[in-house]
Amino acid sequence: MQENLVRLFIALGVFLLMVSWEAISPRRQTVTRKQRWPINLGLAFFNMAMMRLTIGGLAFFSAIDAGEKSWGLLNQLDLPFWLNAFLTWLALDFAIYLQHIITHKWPLLWRLHQVHHSDLEFDATTAVRFHPLEILLSMFYKVAWVYALGAEPAAVIAFEIILNGAATFNHSNVNIPIKLDRILRWLIITPDMHRIHHSTIRQEIDSNYGFSISLWDRLCRTYTADPAGPQETMDIGLPRMRAPQQVRFLRLLQLPFINNGRG
Ligand SMILES: [Zn+2]
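Residues numbered from 1 in each chain as written. Predicted model: local features only at pLDDT ≥ 70, side-chain atom pairs only at ≥ 80, totals over all residues. Heavy atoms only, no water.

- An unreviewed UniProt entry lists the protein chain under the name Sterol desaturase family protein, with Methylomarinum roseum given as the organism.
- What the UniProt record of the protein chain gives under Subcellular location (unreviewed entry) is the line "Endomembrane system". (UniProt positions renumbered as here; feature names shortened; annotations may be inferred.)

1. Notes on the overall build of the protein chain
At step 1: Within the protein chain, the secondary structure is distributed over 12 helices and zero strands.
At step 2: Starting at the N terminus and ending at the C terminus, the protein chain contains elements arranged as α-α-α-α-α-α-α-α-α-α-α-α.
At step 3: A compact globule built from 263 residues should have a C-alpha radius of gyration of about 18 Å, and the protein chain, at 18 Å, falls within 12% of that.
At step 4: Expressed along its principal axes, the backbone C-alpha trace of the protein chain runs to roughly 55 × 40 × 35 Å.
At step 5: In the protein chain, which comprises 263 residues, the share counted as buried stands at 51%.
At step 6: Taking as baseline every contact in the protein chain between residues at least 6 positions apart, the subset at least 24 positions apart corresponds to 75%.
At step 7: Carbon and sulfur atoms provide 70% of the accessible area of the protein chain, an area that totals close to 12800 Å².
At step 8: On the protein chain, the mean spot of the 24 positive side-chain charges and the mean spot of the 20 negative ones are 8 Å from each other. (Helix = DSSP H or I, 4+ residues; strand = E, 2+ residues; numbered from the N terminus. Rg over C-alpha atoms; globule rule 2.2 N^0.38 Å. Buried < 20%, exposed > 50% of the residue type's maximum accessible area, 1.4 Å probe, protein only. Contact = heavy atoms within 4.5 Å. Areas by Shrake-Rupley, 256 points an atom, 1.4 Å probe, with all protein chains shown as cover. Lys, Arg positive; Asp, Glu negative; His and termini not counted. Charge placed at Lys NZ, Arg CZ, Asp CG, Glu CD.)

2. A short note on unusual backbone geometry
The bulk of non-glycine residues show a negative phi, and the bulk of peptide bonds are trans.
At step 1: If you check the backbone angles, Asn-208 has positive phi at about 50° while not being a glycine.
At step 2: Residue Asn-208 is classed as buried on the basis of its relative accessible area of 1%.
At step 3: Positive phi values are uncommon outside glycine, yet Arg-221 reaches one of about 55°.
At step 4: You can see Arg-221 is positioned in the loop between helix H11 (215-219) and helix H12 (249-258).
At step 5: Residue classification places Arg-221 among the exposed positions, given a relative accessible area of 78%.

3. Re the environment of Val-31
At step 1: When you line up the elements, Val-31 lands in the loop between helix H1 (2-24) and helix H2 (37-53).
At step 2: Judged by its relative accessible area of 18%, Val-31 falls in the buried class.
At step 3: C-alpha separation for the pair Val-31 and Ala-151, spaced 120 residues apart in sequence, amounts to 40 Å.
At step 4: In this structure Val-31 touches Arg-36, Glu-121, Phe-122, Asp-123 and Asn-173, once residues within four positions along its chain are discounted.

4. A look at the environment of Asp-119
At step 1: With respect to the helices and strands, Asp-119 occurs in the loop between helix H5 (107-117) and helix H6 (132-149).
At step 2: The class of Asp-119 is buried, set by a relative accessible area of 1%.
At step 3: Through-space distance from the C-alpha of Asp-119 to that of Arg-129 is 8.1 Å; in sequence the pair is 10 residues apart.
At step 4: Apart from residues no more than four positions distant in its own chain, Asp-119 is found in contact with Arg-36, Asn-40, Thr-126, Arg-129, Ile-236 and Gly-237.
At step 5: Side chain to side chain, Asp-119 and Arg-36 meet in a polar contact 2.7 Å long. (Polar contact = N/O pair within 3.5 Å; in protein donor to acceptor, adjacent residues only side chain to side chain.)

5. Quick look at the coordination of the zinc ion
At step 1: Coordination of the zinc ion by the protein comes from His-100 (NE2), His-104 (NE2), His-113 (NE2), His-117 (NE2) and His-197 (NE2), over a distance range of 2.1 to 2.2 Å.
At step 2: Read in sequence order, the donor residues for the zinc ion give the motif H-x3-H-x8-H-x3-H-x79-H. Taken together, the residues span a long stretch of sequence, with His-113 in helix H5 and His-197 in helix H9 (residues 191-197) at a distance of 84 residues.
At step 3: For His-113, a relative accessible area of 1% gives the class buried. (Donors = N, O, S within 2.8 Å, 3.2 Å for Na, K, Ca; no water.)

6. Quick look at H2
At step 1: The first and last C-alpha atoms of H2 sit 24 Å apart over 17 residues, in line with the 24 Å expected at 1.5 Å per residue.
At step 2: Trp-37, Ile-39, Asn-40, Leu-43, Ala-44, Asn-47, Met-50 and Met-51 are the residues of H2 that are buried.
At step 3: The secondary structure elements touched by the buried residues of H2 are H1, H5, H6 and H12. (Expected span 1.5 Å × (residues − 1).)

In structure tokens, the structure reads:
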């Protein structure tokens, strides 16, 4: 219960920080909020309530369960706590990178993930724009990794907090000097790097899959350094959904069942 509150406060704190930064120093002037924010924040509240009422916290409890039963790789090794925690975080971060690629390549999962990409702009609220079914499936996927790994429970919580904060940061419409952006990119995913993943151009969407660290994209050769067009004006979203009336709240919930988002 207390851990839930801590997570919520950190998530809100990072969100407010990024939204303030966006207001003071935006990267793109084209970002409108009136039509997008109710949809993105509506999905966030819907997903948060759904997880509270169903399987929220399942990854953490699975890690405790795996520890009690001595299941999973790390529970077989006698490693110090800090190393267990670091390896848990690293493996889960790779797992989420891999999951992101799978949601792009497997047509059935792309039907769900296209909801995230249907945003016609890109700011901190895009980070919480996910179809509820993708959130649920993602939790079951994470639980499978937690058991296989024998994940350290505290590190599972830390992983979720870091992932949430990193996603809010790398989706935000903030202006970071190019030179600093290039330095930061050696370690983390910057907004300029992740914006390329939200481009309407297929080769660009199919790159920069990471959420926290840039290592996986560089290692697995899915890294794109620059978009074809300028960052300030490049098109964001899905090529076939360019009209705002196509991306209303209820329609987004139905979207996976009515089209496959390709083309
Ligand atoms: Zn994606």
